[in-house]
Number of protein chains: 2
Amino acid sequence: MKAIVILSGGMDSAVVLAHACSMYESKHVVALTFDYGQRHAKEINAAKDLARFYNVEHIIFAVDLTQIGGSALTDKSISVPEFKKDLRKSDHVALSYVPMRNTIFIAIAAAFAEVLGIQEIYTGFNWIDSGGYPDTRKSYVNAINRMLSIGSRDRPKVFAPLIHMTKVQIVKYGEQLHVPWHLSWSCYEGNQHPCGKCNACIQREKGFRGANVNDPVVKRWK
Amino acid sequence: MKAIVILSGGMDSAVVLAHACSMYESKHVVALTFDYGQRHAKEINAAKDLARFYNVEHIIFAVDLTQIGGSALTDKSISVPEFKKDLRKSDHVALSYVPMRNTIFIAIAAAFAEVLGIQEIYTGFNWIDSGGYPDTRKSYVNAINRMLSIGSRDRPKVFAPLIHMTKVQIVKYGEQLHVPWHLSWSCYEGNQHPCGKCNACIQREKGFRGANVNDPVVKRWK
């Protein structure tokens, strides 16, 4: 095994899975999805479809972050905010920020990496258009890698191939890789149709519109 | 709330809980214990007893690390090694090392810290006599704190007041704080009696013997 891909089922991690499968044979790639009590559990099905499409092993790890709460995505008492409200909180961190989610996920991915003998952990982190999450920046990835180089047995490393890309660039790169967009799911609400109003929907639309690509997910549900 | 203490129920975290309660009123301290599928689930009961003794709020977070395996503590197919075998593995990391456990726990503790408005996370990490775990060193704590200062919303910080202490020093410090040792549990086996052979038992014995203190847990079961 060569690479573990943290696969949410959204557009970014779909591109990263395609990226990993462009470098390695599918038998050397494993996808890791978290069932963390997210409101949009529908994305887990999207992840399953994507893993099946790329013919990679798929681990679904259950960790119930609703035990912690504190986010619109894991606490049913907090509504998913519309895009502008989400990002206009006074401390500049989005209401849809799930406390420490990415660090929890990377730590668990690194544990699997150690057990499976894998050195490379791929994530879809991107900063420019992701909207105010502190745990998607290049400096964060560097700090996590420093921590892993000290505090793990096998020193796996986190890669974030999309980190300097805008959403438009991510869609363009995904097009080059022939990502099956129709299998991905982004909307935080997780209802039958994308809401078109949450941060994830707005950023997704921005990417596809800017890249002049039709988003089959939106089209499918309109 | 001022402090969150990661409380396993073992001797080190018992001392750290006492340390936190010597600084803050018990209503400002919360203990966090992980039910992670450990072989010695008995330590969770020890943690409950300790939290009750110190009259602090107690959160038990469930995250099933047997989904990952790879350690004598979370994989029933791997026997708990005797002390010497545990530490003589060729790569110098103990068989009882649970992949990325401390990082997973700190990430979750930091998430609770953010939700509860807490800035300080206390751990019982100590390096000198802990026996070859990479994630208990001062350099690891520094790296984790750097990561938290970048990748979290509220930048909680990890404190490891025992990190430069030997087991003997930890017992002596615990004596000063009047730690109720009889409520703690260390043995990895988690049977009725401490096995007296695993890394945890050996280190515990070393500490009490060196400090010239009777360990009521061992006495109780002998």
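Residues numbered from 1 in each chain as written. Chains lettered and ligands numbered in written order. Predicted model: local features only at pLDDT ≥ 70, side-chain atom pairs only at ≥ 80, totals over all residues.

K.L.:
Before we go on, may I ask you to explain the overall build of chain A in this structure?
P.N.:
For chain A, the count of helices and strands is eight helices and five strands. In chain A, the succession of α and β elements from N to C terminus is β-α-β-α-β-α-α-β-α-β-α-α-α. The C-alpha radius of gyration computed for chain A amounts to 16 Å, which stays within 12% of the reference 17 Å derived for 222 residues, consistent with globular compactness. The principal-axis extents of the C-alpha atoms in chain A amount to approximately 45 × 35 × 30 Å. Within the span of chain A, comprising 222 residues, buried residues form 55% of the whole. Put simply, 75% of the contacts in chain A that link residues at least 6 apart link residues at least 24 apart. (Helix = DSSP H or I, 4+ residues; strand = E, 2+ residues; numbered from the N terminus. Rg over C-alpha atoms; globule rule 2.2 N^0.38 Å. Buried ≥ 20, exposed ≤ 12 C-beta atoms within 10 Å, placed from the backbone. Contact = placed C-beta atoms within 7 Å.)

K.L.:
I'm lost on the interface of chain A and chain B in this one. Help?
P.N.:
When the parts of a complex come together, some accessible area is lost, and that lost area is often used as the size of the interface. The partner chain B presents 34 residues to the 34 residues of chain A that form the contact. Elements that contribute at least two residues to the side of chain A that touches chain B include exactly strand 3 (57–62), helix 4 (101–116) and helix 5 (138–151) of chain A. Per-element accounting of the side of chain A that touches chain B gives the leading share, nine residues, to helix 4 of chain A. Residues that form the side of chain A that touches chain B fall into these classes: 21 nonpolar, seven polar and six charged. (Nonpolar A, V, L, I, M, F, W, Y, C, P; charged D, E, K, R; others polar.)

K.L.:
How should I be thinking about the environment of lysine 2 of chain A in this particular structure?
P.N.:
Locating lysine 2 of chain A in the fold gives a position in the segment before strand 1 (3–6). Between the alpha carbons of lysine 2 of chain A and isoleucine 128 of chain A there is a distance of 28 Å; along the sequence they are 126 residues apart.

K.L.:
Whenever I open this one, the sheet that holds strand 1 (residues 3–6) of chain B confuses me. Can you help?
P.N.:
Strands pair in a sheet through their backbones, by hydrogen bonds, and they do so in one of two ways: parallel or antiparallel. All names here are of chain B. Across the sheet, which stays open at both edges, the five strands sit in the order 3-2-1-4-5 with parallel pairing between neighbours. Either end of the sheet is taken by a strand with one partner, and the two such strands are strand 3 (57–62) and strand 5 (157–159). Neighbour-to-neighbour, the strand axes of this sheet turn through a mean angle of 25 degrees, independent of strand direction. Relative to strand 3, strand 2 (residues 29–35) is paired through six bridges, and the arrangement is parallel. (Pairing = 2+ DSSP bridges. Axes fitted to C-alpha atoms, helices over the stretch in contact; angles between N-to-C directions.)

K.L.:
I'm lost on the sheet that holds strand 2 (residues 29–35) of chain A in this one. Help?
P.N.:
Residue and element names in this part refer to chain A. Taken in spatial order, the five strands line up as 3-2-1-4-5 in an open sheet, and their pairing is parallel. Of all strands in the sheet, those bounded by a partner on one side alone are strand 3 and strand 5 (157–159). Averaged over all pairs of adjacent strands, the angle between strand axes in this sheet comes to 25 degrees, irrespective of strand direction. Looking at chain direction, strand 1 and strand 2 are connected through four bridges and run parallel. When the sheet's bridge partners are listed, isoleucine 6 is paired in strand 2 with leucine 32. In the packing of helix 1 (residues 11–23) onto the sheet, contacts are made with strand 1, strand 2 and strand 4 (120–122), and the angle to strand 1 comes to roughly 170 degrees. Relative to the sheet, helix 4 contacts strand 1, strand 2, strand 3, strand 4 and strand 5, its axis offset from that of strand 1 by approximately 155 degrees.

K.L.:
I keep staring at the relation of the copies chain A and chain B and nothing clicks. Help me out?
P.N.:
Between the two copies of the chain lies a relationship made up of a rotation around an axis and a movement along it. Laying chain A over chain B is done by rotating through 180 degrees and shifting 0.0 Å along the axis; what remains is an RMSD of 0.0 Å. The transformation relating the two chain copies, once decomposed into turn and shift, fits a two-fold axis. (Least-squares fit on C-alpha atoms with pLDDT ≥ 70 in both.)

K.L.:
What is the right way to look at the nonpolar core in this model?
P.N.:
Soluble, globular proteins show a tendency: their nonpolar side chains are buried together. By size, the foremost hydrophobic cluster in this structure holds 154 residues, and its most contacted members are Val5, Leu17 and Ala109 of chain A together with Val5, Leu17 and Ala109 of chain B. Excluding anything up to four places from it in sequence, valine 5 of chain A contacts Ser13, Val16, Leu17, Ala20, Val29, Ala31, Leu32 and Tyr122 of chain A. (Core = buried A, V, L, I, M, F, W, Y, C linked by C-beta atoms within 7 Å.)

K.L.:
Mind showing me how you'd approach the packing of helix 5 of chain A against helix 5 (residues 138–151) of chain B here?
P.N.:
How two helices sit against one another is set out by the angle between their axes and by the gap between those axes. Packing of helix 5 of chain A against helix 5 of chain B leaves a shortest axis separation of 9 Å and a crossing angle of 165 degrees. The angle between the axes of helix 5 of chain A and helix 5 of chain B places the two elements in the roughly antiparallel class. The handedness of the crossing between helix 5 of chain A and helix 5 of chain B comes out as left-handed. Here Ser139, Tyr140, Ala143, Ile144, Arg146, Met147, Ile150 and Gly151 of chain A of helix 5 of chain A lie close against helix 5 of chain B, whose contacting residues are Ser139, Tyr140, Ala143, Ile144, Arg146, Met147, Ile150 and Gly151 of chain B. Considering only residue class, the contact of helix 5 of chain A with helix 5 of chain B consists of ten nonpolar, four polar and two charged. (Parallel < 35°, antiparallel > 145°, perpendicular 65-115°, else oblique. Left-handed = near helix turned anticlockwise from the far one by under 90°.)

K.L.:
For this particular structure, what's the right way to read the pairing of strand 2 of chain A?
P.N.:
Sheet faces and side chains relate simply in a regular strand, where the side chains alternate between the two faces. All names here are of chain A. Burial of strand 2 is extensive: six of the seven residues sit out of reach of the surface. This β-α-β element, strand 1 to helix 1 to strand 2, shows right-handed connectivity. Traced from strand 2 through helix 2 (residues 42–54) to strand 3, the parallel crossover comes out right-handed. (Right-handed = clockwise from strand over helix to strand, strands pointing away.)

K.L.:
So what exactly am I meant to see when it comes to the environment of arginine 155 of chain B here?
P.N.:
All names here are of chain B. Inspection of the secondary structure assignment puts arginine 155 in the loop between helix 5 and strand 5. Separated by 42 residues in the primary sequence, arginine 155 and alanine 113 have C-alpha atoms spaced 9.2 Å apart. The residues touching arginine 155, leaving out its near neighbours within four places in the chain, are Leu148 and Ser149.

K.L.:
Help me understand helix 7 (residues 199–211) of chain A, please; the structure alone is not making it clear to me.
P.N.:
In an α-helix, one turn spans 3.6 residues, which is why side chains three or four residues apart end up on the same side. Residues and elements named next belong to chain A. Taking 1.5 Å of rise per residue, 13 residues should cover 18 Å, and helix 7 covers 18 Å from first to last C-alpha, within 8% of that figure. Buried within helix 7 are the following residues: Asn199, Ala200, Cys201, Ile202, Gln203, Arg204, Gly207 and Phe208. Two residues or fewer past helix 7, asparagine 212 is found with a positive phi of approximately 60 degrees. (Expected span 1.5 Å × (residues − 1).)

K.L.:
Would you take a moment to explain the environment of valine 98 of chain A for this structure?
P.N.:
Residues and elements named next belong to chain A. Following the sequence through the fold, valine 98 ends up in the loop between helix 3 (83–87) and helix 4. Sequence separation of valine 98 and methionine 11 is 87 residues, and the distance between their C-alpha atoms is 18 Å. Non-local contacts of valine 98, meaning those with residues more than four positions away in its chain, are made with Leu65, Ser71, Leu73 and Thr74.

K.L.:
How should I be thinking about the confidence of the model for chain A in this particular structure?
P.N.:
Regions with low pLDDT should not have their predicted coordinates read in detail. Summarising the model, chain A shows a mean pLDDT of 90, and 92% of its residues fall at 70 or more. Reported confidences for the modelled complex are a pTM of 0.92 and an ipTM of 0.91. (pLDDT = per-residue confidence, 0-100.)

K.L.:
So what exactly am I meant to see when it comes to the packing of helix 6 (residues 167–176) of chain A against helix 7 of chain A here?
P.N.:
Residues and elements named next belong to chain A. The geometry of helix 6 relative to helix 7 is characterised by a closest axis approach of 7 Å and an angle of 65 degrees between their N-to-C directions. In this structure, the crossing between helix 6 and helix 7 has a hand that is right-handed. Residues Lys167, Val168, Ile170, Val171, Lys172 and Glu175 of helix 6 form the contact with helix 7, whose own contacting residues are Gln203, Lys206, Gly207, Phe208, Gly210 and Ala211. The class makeup of the residues in the contact of helix 6 with helix 7 is five nonpolar, three polar and four charged.

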